[in-house]
Protein chains: 2
Amino acid sequence: MERIFIMAKVAPRTLSGFMELPPKEQMKMEKMMSVLRDTYSLYGFTPLDTPVIESAEVLLAKGGGETEKQIYRFQKGESDLALRFDLTVPLAKYVAGHYSELSFPFRRYQIGKVYRGERAQRGRFREFYQADIDVIGDGKLDILNEAEIPAIIYETFTRLGLKKFKIRVNNRKLLNGFYAMNGMSEKAGEIMRTVDKLDKIGALKVKQLLIDEVKMLPDKSENVLDFMAICGTNAEVIERLELYRGMDATFDQGLDELIVVTKYLKEFGVPEENFAIDLTIARGLDYYTGTVYETEMTEHPEIGSVCSGGRYDNLAEYYTDKQLPGVGISIGLTRLFYVLNEQGLLSDEIVTAPCDALVLPMTEDLAPAVAAATALRQGGVRTQLYGEKKKFKAKIGYADKIGVPFAVLLGEDEVNEGVVSVKNMQTGEQRKMPAGDAAAYIKAALEARSRAAVILEK
Amino acid sequence: MERIFIMAKVAPRTLSGFMELPPKEQMKMEKMMSVLRDTYSLYGFTPLDTPVIESAEVLLAKGGGETEKQIYRFQKGESDLALRFDLTVPLAKYVAGHYSELSFPFRRYQIGKVYRGERAQRGRFREFYQADIDVIGDGKLDILNEAEIPAIIYETFTRLGLKKFKIRVNNRKLLNGFYAMNGMSEKAGEIMRTVDKLDKIGALKVKQLLIDEVKMLPDKSENVLDFMAICGTNAEVIERLELYRGMDATFDQGLDELIVVTKYLKEFGVPEENFAIDLTIARGLDYYTGTVYETEMTEHPEIGSVCSGGRYDNLAEYYTDKQLPGVGISIGLTRLFYVLNEQGLLSDEIVTAPCDALVLPMTEDLAPAVAAATALRQGGVRTQLYGEKKKFKAKIGYADKIGVPFAVLLGEDEVNEGVVSVKNMQTGEQRKMPAGDAAAYIKAALEARSRAAVILEK
């Protein structure tokens, strides 16, 4: 009896919380990344790349908190290592470490994977891309940098294809000054956490919480709610805020900053309908010290902010005595991609095939097909040469399946005539032309699709 | 007495074996990656992204060997995890796992970081980029795919700026067939390892080693050296190889494959001077089964092969029963960048500044400067708006230091005249023009530099 040896196979699984996309979706993700790279570059940010692994001592210099529990940390030989959990700590390390080689203001973008061992659940990722920009000053950093951020957010999301979004802006000095002038500085953290619930539970219930749990007097809680309710056009909001001027120096400084941030919006090309001052935004408690930003998809508020950040006073205090103020924003790219995909907001208009043209040889001698593929590539057309010996039906089926926009056919007739047949796979139209003309023809036909945005709002 | 609290700083160090570049060098690295992405796309490869972390069981399905010792492996909760050490195993996992969603041949490229805990030494990296392409067939894969690989290698390195390089090609069936016809199959591994020293120690010493250590008869070792010494044009080499035809079926098959691989070189656009059949190339012992490739910088042989790969018969046998033959090549991008930089072969011609234009406002009202920056960006010029309140000398010093090609000055005069002054920072030439014309002017002036290649051979 013959003995059959069957090798045990390992299931090719991917860990939960780790995104691994099918090719067509990956193409959409690549398009998003490419838009981010291009837009960030357009605003004069230089690309950076830092290690995924750092010494745990360096990465956890700040220490403590929720972060430390989630971190991927391990030994390798004698070394205590950890995977980066954001791109801000590596930036701080980079700027402190390369300080003497850098010119300030230092503007960098970084699109990279970060790691957090969160509890696995749908739509939560343990490995995910962040796409950050930061401007770092040496000692000082002008408010104009804070004023420019909404322009960058606007351009980024517009290029991605979003139309219905709003950039919400506030200023931490304004908040801190307001709490100080009302003698509530010590309760500021608690108040902000409570006010954060306004959207969900409404003003009445927030007022009750401020009285019952934060132990505020009713008139003080009224003050808070009146302040938070200020809204309208930028001019209207600033007019209302001017009424508080002169009562607290920090407040006045915050108001001056907010005035600069709104002053040049038009010159920065940001439409007023995509921008709003929102006094309820606070973004965490310690880190930010000036302007803060959130970005909401107006028809999908349930997604939360898709681009957030703010001004901070001291980037790298754990690594250096230098005072390094900065302003930055971050896009949680993997999560953004995931929710857009779930919501059906990713466009099918962009070409997601691996190529624009698939050359299908149907003769024994492949020289004309190879030459045609080479000519297409020289003309800038992403071209695949199909070499498998299959029936025509299988070949054209493959073209269909990969979703290639054009098939380029080379049978005996075409070879004898010295032409190629270019078949538009969407319309079915087929026409003969010299191989040298095919690239220009295909590129012209794809012109509109190459301009299509990756996000398509219904 | 006042008590001063001094916080202990953590040194912002980067682990040894991990590359972290200054901004200008990072720009060159980005340019290299961008060329690779563009070229791989041009040949119809789809970009893939797979997790850096995988289950150790999945990643080490093949098990054993040197790799396992070098791997970064750790526990997180209950999970036994590991960092990928190449892009081939993740590809095998991906193709096996997504088999039903893919169309074959499946052509993917992946540029990503991989991890190997090697002994630290200069120029050796523990975290490094690989840039891989592979074509995977389902059951079968036509030899034309092997014939296309030299074209991709040629286009990639030509676009990077290299001129003096040679793609060396061999075929494992040819080698195995040759050893079989000489009754040396069992010693094939030992012989190949010895023959690999030809370049270093010469034919005489290799012959002695074959006799003394591999225990071959003198005439047999002579046969090996005669075979390995076959060289010349493709036609000459093939003519010599034809003399062995008919003695071993595997040899004959290898020779037929080699004939196809060389047959269409011209149509693929590969100049004969960048290509050579080299019978001494073997590339490892088990994995490759057909054509194998190495790429040498002809003036820097000490660097070794900068792009290698080959044909294999079974990509994913540890994950699936499907037979998945493929052909692929890999560039060790981090090491390549490192050696090019060390050799002074990276061009200073490309723009490494974070921007093409730096807008320097010199008036109180910044509106005209902001509008000028916005116009430049709308015209596609990477633009930084300099907002710091410094003296003119400091501003222009910053422009110099970041190496920006153009400064765009807006003083009272310019604002009153409704123009901007564009200063070419290389030539010192300065001219006034409407802000709306500046983008086209700057783009035209940068045309040549934007076409510059990242590698510049002296």
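Everything numeric in this text was worked out from a predicted model, so none of it was measured.

Novice: Got a sec to walk through the environment of A:Glu222? Specific residues and values, please.
Specialist: Residue and element names in this part refer to chain A. Its location among the elements puts Glu222 in helix H9 (residues 218–228). Given a relative accessible area of 33%, Glu222 falls into the partly exposed group. Sequence separation of Glu222 and Ile211 is 11 residues, and the distance between their C-alpha atoms is 9.7 Å.

Novice: So what's going on with the relation of the copies chain B and chain A? Residues and values would help.
Specialist: For the match of chain B to chain A, the screw axis carries a shift of 0.0 Å, the RMSD comes to 0.0 Å, and the turn is 180°. This pairing of chains is accounted for by a two-fold axis. Minimal C-alpha separation from the rotation axis in chain B is found for B:Phe74, amounting to 3.0 Å. Of all interface residues in chain B, 100% are interface residues in chain A too; the two copies therefore contact each other through one and the same surface.

Novice: Account for the packing of helix H6 (residues 172–181) of chain B against helix H9 (residues 218–228) of chain B, with residues named and values stated.
Specialist: A pair of packed helices is characterised by two quantities: the angle between their axes and the separation of those axes. Residues and elements named next belong to chain B. Running from N to C, H6 and H9 cross one another at 155°; their axes reach a closest spacing of 11 Å. Compared by their axis directions, H6 and H9 come out roughly antiparallel. H9 is crossed by H6, and the crossing has right-handed handedness. Contacts from Leu175, Phe178 and Tyr179 in H6 reach Asn223, Val224, Phe227 and Met228 in H9. Grouping the amino acids of the contact of H6 with H9 by side-chain chemistry returns 6 nonpolar, 1 polar and no charged.

Novice: Outline helix H16 (residues 435–451) of chain B, supporting the account with residue identities and numerical values.
Specialist: Residues and elements named next belong to chain B. Between its first and last C-alpha, H16 extends 25 Å over 17 residues, near the 24 Å set by a 1.5 Å rise per residue. Largest kink in H16: about 40°, centred on Ala445. If you check which residues of H16 are buried, you get Ala438, Ala439, Ile442, Leu446 and Arg449. At its buried positions, H16 is contacted by strand E12 (357–361), helix H13 (367–378), strand E14 (406–410), strand E15 (420–424) and strand E16 (430–433).

Novice: How would you summarise the interface of chain B and chain A if you had to cite specific residues and measurements?
Specialist: A common way to state how big an interface is: give the accessible area lost once the parts meet. Contact residues are listed per partner, giving 99 residues for chain B and 100 residues for chain A. Buried surface at the junction of chain B and chain A, both sides included, amounts to about 8,500 Å², of which 58% is carbon and sulfur. At the junction of chain B and chain A, the tally comes to 12 salt bridges. Notably, a salt bridge pairs B:Asp321 with A:Lys9, separated by 3.5 Å at the nearest N-O pair. Our count for the contact surface shared by chain B and chain A stands at 46 residue pairs in polar contact (both at pLDDT 80 or more). Among the elements that make up the side of chain B that touches chain A, the one with the highest residue count is helix H1 (residues 23–42) of chain B (7 residues). Split by residue class, the side of chain B that touches chain A holds 51 nonpolar, 20 polar and 28 charged.

Novice: Break down the pairing of strand E4 (residues 79–83) of chain B for me, citing the residues and quoting the values.
Specialist: Both faces of the sheet carry side chains from a regular strand, because those side chains alternate between them. Residue and element names in this part refer to chain B. Looking at chain direction, strand E2 (residues 53–55) and E4 are connected through 3 bridges and run antiparallel. Opposite Ser55, over in E4, you have Leu81 as the bridge partner. Pairing analysis gives 4 bridges linking strand E3 (residues 73–76) to E4, with the strands arranged antiparallel. By the bridge assignment, Phe74 is partnered in E4 with Leu81. As consecutive antiparallel partners, E3 and E4 are separated by 2 residues, and within that stretch Gly77 has a phi angle of approximately 60°, a positive value.

Novice: Explain the packing of aromatic side chains to me, using residue names and the numbers behind them.
Specialist: For the structure on display, the rule yields 37 aromatic pairs over all chains. Judged by centre distance (5.7 Å) and plane angle (55°), the rings of A:Tyr40 and A:Tyr109 are tilted. Placement of A:Tyr40 in helix H1 (residues 23–42) and of A:Tyr109 in strand E5 (residues 106–115) is noted, with a sequence separation of 69 residues between them. Of the two residues, A:Tyr40 and A:Tyr109, both sit in the buried class. Of the aromatic side chains, those joined through ring pairs into one cluster are A:Tyr72, A:Phe74, A:Tyr115, B:Tyr72, B:Phe74 and B:Tyr115. Between the NZ or CZ atom of A:Lys76 and the centre of the ring of B:Tyr72, over which it lies, the distance is 5.1 Å.

Novice: Talk me through the side chain of B:Thr320; I want residue IDs and the actual numbers.
Specialist: As for its placement among the helices and strands, B:Thr320 is situated in the loop between strand E10 (308–312) and strand E11 (326–332). Reaching out from B:Thr320, the side chain makes a polar contact with the backbone nitrogen of B:Lys322 at a distance of 3.0 Å. The contacts of B:Thr320, once residues within four sequence positions are left out, are A:Lys9 and B:Ala96.

Novice: Lay out the side chain of A:Lys113 with the relevant residues and their values.
Specialist: Counting through the fold element by element, A:Lys113 comes out in strand E5. A polar atom in the side chain of A:Lys113 sits 3.0 Å from the backbone oxygen of B:Thr50. Setting aside residues no more than four positions away along its own chain, A:Lys113 makes contact with A:Arg84, A:Glu127, A:Phe128, A:Tyr129, B:Asp49, B:Thr50, B:Pro51 and B:Val52.

Novice: With reference to specific residues and values, describe the pairing of E12(B).
Specialist: Residue and element names in this part refer to chain B. Counting buried positions over the 5 residues of E12 gives 5, a clear majority of the element. Residues Ala357, Val359 and Pro361 of E12 are buried on one face, and the alternating residues Leu358 and Leu360, pointing to the opposite face, are buried as well. Where E12 meets strand E13 (residues 383–385), 3 bridges bridge the pair, whose relative direction is parallel. Paired with Val359 across the strands is Leu385, a residue of E13. With H13 bridging E12 and the parallel E13, this β-α-β connection has right-handed handedness. Judged from the 5 bridges that link them, E12 and E14 form a sheet pairing that is parallel. Bridging from a neighbouring strand, Pro361 pairs with Leu410 of E14.

Cut-offs applied
- Residues numbered from 1 in each chain as written.
- Chains lettered and ligands numbered in written order.
- Predicted model: local features only at pLDDT ≥ 70, side-chain atom pairs only at ≥ 80, totals over all residues.
- Heavy atoms only, no water.
- Helix = DSSP H or I, 4+ residues; strand = E, 2+ residues; numbered from the N terminus.
- Buried < 20%, exposed > 50% of the residue type's maximum accessible area, 1.4 Å probe, protein only.
- Least-squares fit on C-alpha atoms with pLDDT ≥ 70 in both.
- Contact = heavy atoms within 4.5 Å.
- Axes fitted to C-alpha atoms, helices over the stretch in contact; angles between N-to-C directions.
- Parallel < 35°, antiparallel > 145°, perpendicular 65-115°, else oblique.
- Left-handed = near helix turned anticlockwise from the far one by under 90°.
- Nonpolar A, V, L, I, M, F, W, Y, C, P; charged D, E, K, R; others polar.
- Expected span 1.5 Å × (residues − 1).
- Bend = angle between axes of the 7 residues up to and from the residue.
- Buried area = accessible area lost by both parts, 1.4 Å probe.
- Salt bridge = Lys/Arg side-chain N within 4 Å of Asp/Glu carboxyl O.
- Polar contact = N/O pair within 3.5 Å; in protein donor to acceptor, adjacent residues only side chain to side chain.
- Pairing = 2+ DSSP bridges.
- Phe/Tyr/Trp six-rings, centres within 6.5 Å; stacked < 30°, edge-to-face > 60°.
- Lys NZ or Arg CZ within 6 Å of the ring centre and 35° of its normal.
- Right-handed = clockwise from strand over helix to strand, strands pointing away.

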